[in-house]
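Working through the structure, step by step
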Amino acid sequence: MTERDRSPPVIADEIRALVRAGVARPGDHLSAIELASRFGVSRGPVREALRLLESAGVVRIVPQKGAFVMALDDGAIQDLLSIREVLFALLAERCSERASDADLASLERAVAELGALSAKPECSAREFQAATDRIVSRLYRISRMPGLSLMIQNISSGPAELFGPLAVATRDMRLADLRGYQRLLRAMQSRHSGAVFNAARAMHAEGVKRAEELSAVMPRAAPESPAALKGRRRRR
């Protein structure tokens, strides 16, 4: 990280990367001292970065205790996920009502590509998630509801950092996610709004449940010492 890259937003993105990579897991304490050492900055920019992440729902700052990665069972995250579930179901319902035959054919191809990707042994969780993000982007376009799409994206910011990668971390999880998209596609092809709404809600809820179950059994990584972090900084 160079001098010009030490702004709080850039540091916040670096911390997000630690969360996505599983280095900092839900519930973990984020030491401002250790982060400052890792990134080669003072604690001021780190504190600003943590406040940015708090506003995005990724971090919770507890007075006198510091910053913690938001836990998946935190009430605030659960509330956001419940809202997102309903909004995503509404988005899918609107898509089923407004999609042209060409739109449905495009979605069918995208889901087939997701199936081919999930069959590859070398497929990573990040690669798979990027493919599902492309499908959701198609839904945003088909719905022709930019306001609703923006609401979902804004709500997704924090929770997606926390449960997104965990929901598709293993091949079995990716196959389960694929089946959810296949059921959603079939419901959309039937043009039955109620079935689409229910399929989308179920898919969302199942993904959150997978993430919560995996998070509960994953061992926590041992925190790095300040000396180790300083050594890493010198090697950069």
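Each remark here, short or long, concerns the structure printed above.
An account of the accompanying structure is given in this report. As the structure is a computational prediction, the values presented were derived from the model and not from experiment. One numbering rule holds for all chains: residues counted from 1, following each sequence as written. Side-chain atom pairs in this predicted model are given and counted only at pLDDT of 80 or more, local residue features only at pLDDT of at least 70, and totals for whole chains, interfaces and linings cover all residues. The side-chain numbers reported here are obtained from all heavy atoms of the structure, hydrogens and water having been left aside.

Let us look at helix H6 (residues 125-143). Within an α-helix, residues lying three or four positions from one another point in the same direction, as the helix has 3.6 residues per turn. The terminal C-alpha atoms of H6 lie 27 Å apart, and with 19 residues this matches the ideal 27 Å at 1.5 Å per residue to within 8%. Using a 1.4 Å probe on the protein chains alone, a residue whose accessible area is under 20% of its type maximum counts as buried, one over 50% counts as exposed, and one in between counts as partly exposed. Segments assigned H or I by DSSP are reported as helices when at least four residues long, segments assigned E as strands when at least two residues long, and all are numbered from the N terminus. Those residues of H6 that fall on the buried side of the exposure criterion are Ala125, Phe128, Ala131, Thr132, Ile135, Val136, Leu139, Tyr140, Ile142 and Ser143. After H6 finishes, the residue arginine 144 shows a positive phi value of roughly 55°. Working rule for helices: expected span equals 1.5 Å times residues minus one.

Right, let's get into the environment of arginine 6. Summarising the element assignment, arginine 6 is placed in the segment before helix H1 (8-20). On the basis of relative accessible area, arginine 6 is assigned to the partly exposed category, the value being 26%. Separated by 33 residues in the primary sequence, arginine 6 and phenylalanine 39 have C-alpha atoms spaced 7.9 Å apart. Polar contacts here mean pairs of N or O atoms no more than 3.5 Å apart (in protein, one a potential hydrogen donor and the other a potential acceptor; neighbouring residues in sequence count only if both atoms are side-chain atoms). One polar contact links the side chain of arginine 6 to the main-chain carbonyl oxygen of glycine 40, over a distance of 3.2 Å.

On to the pairing of strand S3 (residues 66-69), then. Put simply, side chains in a regular strand alternate between the two faces of the sheet. The pairing criterion for strands is at least two bridges between them, as found by DSSP. Bridge count between strand S1 (residues 29-30) and S3: 2 bridges; the pairing is antiparallel. Bridged to histidine 29 within S3 is phenylalanine 68. Here strand S2 (residues 59-62) runs beside S3; their pairing, made up of 4 bridges, is antiparallel. Each bridged residue has a counterpart across the sheet, and for valine 62 the counterpart in S3 is glycine 66. Between S2 and S3, which pair antiparallel in sequence order, lie 3 residues; one of them, glutamine 64, sits at a positive phi of approximately 70°.

Attention now goes to H1. Its 13 residues place the ends of H1 18 Å apart at the C-alpha level, agreeing with the 18 Å of an ideal helix rising 1.5 Å per residue. Glycine 22 sits one or two residues past H1 and shows a positive phi near 85°.

This part is about the pattern of salt bridges. Whenever a carboxyl oxygen of Asp or Glu lies within 4 Å of a side-chain nitrogen of Lys or Arg, that contact is scored as a salt bridge. The full count for this structure, using the stated rule, is 9 salt bridges. Salt-bridge contacts for arginine 191 lead to aspartate 101; the nearest nitrogen and oxygen are separated by 3.5 Å. Placement of arginine 191 in the loop between helix H8 (171-190) and helix H9 (193-217) and of aspartate 101 in helix H5 (residues 101-118) is noted, with a sequence separation of 90 residues between them. Taken together, the salt bridges that share partners define one network made up of Glu93, Arg94 and Glu97.

Looking now at the nonpolar core. To qualify as a nonpolar core, a set must consist of buried Ala, Val, Leu, Ile, Met, Phe, Trp, Tyr and Cys residues joined through side-chain atoms within 4.5 Å. Core analysis: the largest hydrophobic core is formed by 36 residues, its most contacted members being Phe88, Leu107, Leu184 and Met188. Of all the secondary structure elements, the ones that give two or more residues to this core are helix H4 (75-98), H5, H6, helix H7 (146-167), H8 and H9. For this core, the element with the highest residue contribution is H6, accounting for 8 residues. Once residues within four sequence positions are removed from consideration, phenylalanine 88 is found in contact with Val136, Leu139, Ile152, Leu184, Ala200 and Met203. Formed by 33 residues, the second largest nonpolar core is a distinct cluster that contains Ile11, Leu30, Ala56 and Leu81. Here a residue-residue contact requires only that any non-hydrogen atoms of the pair lie within 4.5 Å.

The subject of this paragraph is unusual backbone geometry. Phi at arginine 144 is positive, roughly 55°, even though this residue is not glycine. Structurally, arginine 144 is set in the loop between H6 and H7. The exposure class assigned to arginine 144 is exposed, which follows from its relative accessible area of 53%. With a phi angle near 65°, arginine 191 is a residue other than glycine that sits in the positive phi range. Residue arginine 191 is classed as partly exposed on the basis of its relative accessible area, which comes to 35%.

Our next topic: the sheet that holds S3. Taken together, the 3 strands give an open sheet; going across it, the order is S1-S3-S2, and neighbouring strands pair in antiparallel fashion. This sheet does not close on itself; its edge strands, each paired only once, are S1 and S2.

This brings us to the packing of H8 against H9. Axis definition: a line fitted to C-alpha atoms, limited for helices to the stretch in contact. Angles are taken between N-to-C directions and run from 0 to 180 degrees. Packing of H8 against H9 leaves a shortest axis separation of 8 Å and a crossing angle of 170°. Classified by the angle their axes make, H8 and H9 are roughly antiparallel. Between H8, through Met173, Ala176, Asp177, Gly180, Tyr181, Arg183, Leu184, Ala187 and Met188, and H9, the contact on the second element is made entirely by Ala195, Val196, Ala199, Ala200, Met203, Glu206, Arg210 and Leu214. Think of it as three bins: nonpolar holds Ala, Val, Leu, Ile, Met, Phe, Trp, Tyr, Cys and Pro, charged holds Asp, Glu, Lys and Arg, and polar takes everything else, Gly as well. Looking at the contact of H8 with H9 residue by residue, the class counts come to 12 nonpolar, 1 polar and 4 charged. For classification purposes, angles smaller than 35 degrees are called roughly parallel, those larger than 145 roughly antiparallel, those between 65 and 115 roughly perpendicular, and all remaining angles oblique.

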